[in-house]
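So the chains spell out like this:
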Amino acid sequence: MSQRIPESELILNADGSVYHLHLKPENLASFVFTVGDPDRVPLVSQYFDEIEFQTRKREFVTHTGRIDGERVTVMSTGMGTDNIEIFMTELDALVNIDLESRTLNPTHRSLQIVRIGTSGAMQSDIPVGSLLASSKAVGMDTLMQFYPTLNSPQVWGEAIRQKLKLGFTPYQAEASSNLLSRLGPEFLKGITLTCPGFYAPQGRTVKLKPVIDQMLDRLAAMEMEGERLTNFEMETAGYYAMGALLGHQVLSLNAIVANRILKEFDKEAEKTLDSLIRAALKLLVKK
Ligand SMILES: O=P(O)(O)O[C@H]1O[C@H](CO)[C@@H](O)[C@H]1O
Ligand SMILES: O=c1cc[nH]c(=O)[nH]1
């Protein structure tokens, strides 16, 4: 039997649920859709045939139900990779740790996790209203400084470090090839830059001037082996890295609501998001 995980390291609530997500193992389906905004959870679960379980703690709202007989969960995570670290760790604990004995289960269970999020394009030919799947992601945050080294290629991280003269090396992680291969033709594929903020970390100036000059244009011009960076958001690299380390299949889907080069915002962002939700639901195939 594996070592017992102490009460201070994996915290459970008085009812036995995991600390932040407030879920017990039976509340979670093997296929999980995620959204950033708690108010978007019902926009996904409106397409469920039934909702059997609902709960909320902090920004983590959960609805579990069924579509065409398939059990499915939708959860909100809030913004940023710090939340994704909590989310992925506790989700994994629900399926791979015996919460009674506090030991690892003898067999690993892999979840399928699909992010349905918003994003800003950094290329002029990716218009607002596009649906884009992140085939890989590069993390500009520090999360992976605290976890074991990823086995996947890290060429983009090193190239961005050199291009922007950063004092750290961004990390790179990949989407689940299985989930990616099941997408319909409505999706563009791209390389997503995950940033630890919305304004200066994505090259925006409101009042404060970002330290990195011309960040958007310098990133947009990068090209390696026929690939380029396509979009900014704030979670995908954290999902992919934690998914790789914990053994779960993850895919991040983006509704492009801003085009940073053209300086446009999608006037129909809600419609675009609904198209993304409906396209993402097609990934839930009958077993
Ligand atoms: O729409 P969501 O999924 O929240 O994603 C994007 O929107 C938020 C910023 O507005 C960040 O979380 C970013 O990643
Ligand atoms: O530009 C954008 C739009 C949505 N979300 C982001 O993080 N950036």
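Residues numbered from 1 in each chain as written. Chains lettered and ligands numbered in written order. Predicted model: local features only at pLDDT ≥ 70, side-chain atom pairs only at ≥ 80, totals over all residues. Heavy atoms only, no water.

Under an unreviewed UniProt entry, the name given to the chain is Uridine phosphorylase, and the organism recorded is Algoriphagus halophilus. In the Catalytic activity (unreviewed entry) part of its UniProt record, the chain is described as follows: "uridine + phosphate = alpha-D-ribose 1-phosphate + uracil". (UniProt positions renumbered as here; feature names shortened; annotations may be inferred.)

## Thoughts on the site of ligand 2
Inspection of the region around ligand 2 gives Thr118, Ser119, Gly120, Phe198, Gln202, Arg204, Phe232, Glu233 and Met234 as its neighbouring residues. One of the side-chain nitrogen or oxygen atoms of Gln202 is found 2.8 Å away from a nitrogen atom of ligand 2. For ligand 2, an oxygen atom lies 2.6 Å from a polar atom in the side chain of Arg204. In isolation ligand 2 exposes 240 Å². Once the protein is present, 92% of that is buried. Where the shell around ligand 2 is concerned, the elements lending two or more residues are β7 (112-121) and β11 (229-233). Considering each element in turn, the shell around ligand 2 owes the most residues, three residues, to β7. In the shell around ligand 2, the residues fall into three nonpolar, four polar and two charged. (Near = heavy atom within 4 Å. Polar contact = N/O pair within 3.5 Å; in protein donor to acceptor, adjacent residues only side chain to side chain. Areas by Shrake-Rupley, 256 points an atom, 1.4 Å probe, with all protein chains shown as cover. Helix = DSSP H or I, 4+ residues; strand = E, 2+ residues; numbered from the N terminus. Nonpolar A, V, L, I, M, F, W, Y, C, P; charged D, E, K, R; others polar.)

## Overview of the packing of aromatic side chains
In this structure the tally under the stated criterion is three aromatic pairs. Directly above the ring of Phe198 sits Arg204, whose terminal nitrogen or CZ lies 4.0 Å from the centroid. (Phe/Tyr/Trp six-rings, centres within 6.5 Å; stacked < 30°, edge-to-face > 60°. Lys NZ or Arg CZ within 6 Å of the ring centre and 35° of its normal.)

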